[in-house]
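Residues per chain, in single letters:
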Amino acid sequence: MPTDTLTLFSQPTAQWFKDTLGRPTKVQEDTWPAIASGHPVLVSAPTGTGKTLSAFLVFIDRLYAMAEEGTLKEELYLIYVSPLKSLAGDIRENLNRPLEGIRQEMERRVGAARQTGYADLAGDVHPAGTTSLDIQVGIRTGDTPQKDRQRMVKHPPHILIITPESLYLMLTSMTGQKVLRTSRAVIIDELHALIDTKRGAHLMLSIARLDRLCGRPLQRIGLSATIEPLGP
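None of the values given here were measured: they were computed from a predicted structure.

Caption draft 1: Spotlight on unusual backbone geometry. Here the phi dihedral of Glu190 falls at roughly 50°; this positive angle occurs in a residue that is not glycine. Positionally, Glu190 belongs in the loop between strand S5 (185–188) and helix H8 (198–214). Judged by relative accessible area, Glu190 falls into the partly exposed class, the value being 22%. For Asp196, which is not glycine, the phi torsion reads 60° and is therefore positive.

Caption draft 2: Region of the structure containing the packing of helix H2 (residues 26–36) against helix H3 (residues 51–69). Packing of H2 against H3 leaves a shortest axis separation of 9 Å and a crossing angle of 40°. As far as their axial angle goes, H3 and H2 are oblique. Regarding H2 and H3, the two cross each other, and that crossing is right-handed. Judged by residue contacts, Val27, Gln28, Thr31, Trp32, Ile35 and Ala36 of H2 engage Lys51, Leu53, Ser54, Ala55, Leu57, Val58, Phe59 and Arg62 from H3. For the contact of H2 with H3, a count of residues per class yields 9 nonpolar, 3 polar and 2 charged.

Caption draft 3: How the structure looks around the pairing of strand S3 (residues 137–140). Burial along S3 is two-sided: Val137 and Ile139 and Gly138 and Arg140, pointing in opposite directions, are all buried. The pairing of S3 with strand S4 (residues 159–162) spans 4 bridges and is parallel. Residue pairing for S4: Arg140 is matched across the bridge by Ile162. For the segment spanning S3, helix H5 (residues 146–154) and S4, crossover handedness is right-handed.

Caption draft 4: Structural view of the packing of aromatic side chains. Enumeration according to the criterion identifies 4 aromatic pairs in this entry. Both rings, one in Phe17 and one in Trp32, keep their centres 5.4 Å apart while their planes meet at 85°; by these two values the pair is edge-to-face. Residue Phe17 is found in helix H1 (residues 11–21), and its partner Trp32 is found in helix H2; the two are separated by 15 residues along the sequence. An aromatic cluster is defined as three or more aromatic residues linked by ring pairs; in this entry it consists of Phe9, Trp16, Phe17 and Trp32.

Caption draft 5: Structural detail: the side chain of Thr5. Inspection of the secondary structure puts Thr5 in the segment before H1. Contacts of Thr5, omitting those with residues within four sequence positions, involve Pro24, Glu29, Trp32 and Pro33.

Caption draft 6: Main features of the layout of surface pockets. A volume near 560 Å³ is recorded for the largest pocket. Counting residues per element, the ones that place at least two in the lining of the largest pocket are H1, H3, helix H4 (87–115) and strand S6 (219–224). At 7 residues, the largest contribution of residues to the lining of the largest pocket is made by H4. Each residue belonging to the lining of the largest pocket can be placed in one class, and the counts come to 12 nonpolar, 10 polar and 6 charged. Of the pockets and cavities examined, the second largest pocket occupies roughly 370 Å³. As for the second largest pocket, its lining consists of 18 residues, and the residues nearest its centre are Arg92, Val137, Gly138, Ile139 and Met152. Elements supplying a minimum of two residues to the lining of the second largest pocket: S3 and H5. Of the residues contributing to the lining of the second largest pocket, the split by class is 6 nonpolar, 6 polar and 6 charged.

What counts, and at which threshold
Residues numbered from 1 in each chain as written. Predicted model: local features only at pLDDT ≥ 70, side-chain atom pairs only at ≥ 80, totals over all residues. Heavy atoms only, no water. Helix = DSSP H or I, 4+ residues; strand = E, 2+ residues; numbered from the N terminus. Buried < 20%, exposed > 50% of the residue type's maximum accessible area, 1.4 Å probe, protein only. Axes fitted to C-alpha atoms, helices over the stretch in contact; angles between N-to-C directions. Parallel < 35°, antiparallel > 145°, perpendicular 65-115°, else oblique. Left-handed = near helix turned anticlockwise from the far one by under 90°. Contact = heavy atoms within 4.5 Å. Nonpolar A, V, L, I, M, F, W, Y, C, P; charged D, E, K, R; others polar. Pairing = 2+ DSSP bridges. Right-handed = clockwise from strand over helix to strand, strands pointing away. Phe/Tyr/Trp six-rings, centres within 6.5 Å; stacked < 30°, edge-to-face > 60°. 1 Å grid on protein atoms, 1.4 Å probe; cavity = no way out; pocket = protein on both sides within 12 Å on 5 of 7 lines; lining within 4 Å. Points joined across faces, edges and corners; volume = space filled by probe spheres on them.

Set out below in structure tokens:
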């Protein structure tokens, strides 16, 4: 594990984190290398220790790297599942902070590099102020209007926030499968509320179906404030 876990990230992401949040928490220091390795990860830590950002930041950084390279496609990469529909809006708002902050840091660096004549330092890709660095986030719950569901099929988000029931419904439709089949990873929040329940068993079956749909095992990241001990 690196002594400074922020070295796992691109300079814009690391700089945004330092300027906005300072030093990583213990759970973030432990979680980021594990997620970056591509293996399944279970994160158990008290509320307020940065669990959500510990799960999302590696993926956000990779999405922005692809956007900067011009390789980011209009397709789904990451699924976030919450058993609580009421959390969907909160998670989206919490994501806006790093998404907007990192985008602004990237555009600032591009602008500064071009002003000083070092175009190569800007990556020589997308000019500041364009929408090519925008990471799209979508929400799918039972309350999602039909027009938004149809828009999602035509223009899939890069990150999808969804409930277990809505994930199941998407898996049962051809249009839903079309959106889901490009997924790379899934974050499951409030894992303690699903363990040893029929709802949790049903969600695990849905994720197994996702693996089959995508043609590969998705990386799984579980989040909980109460699951312990983590070891045997």
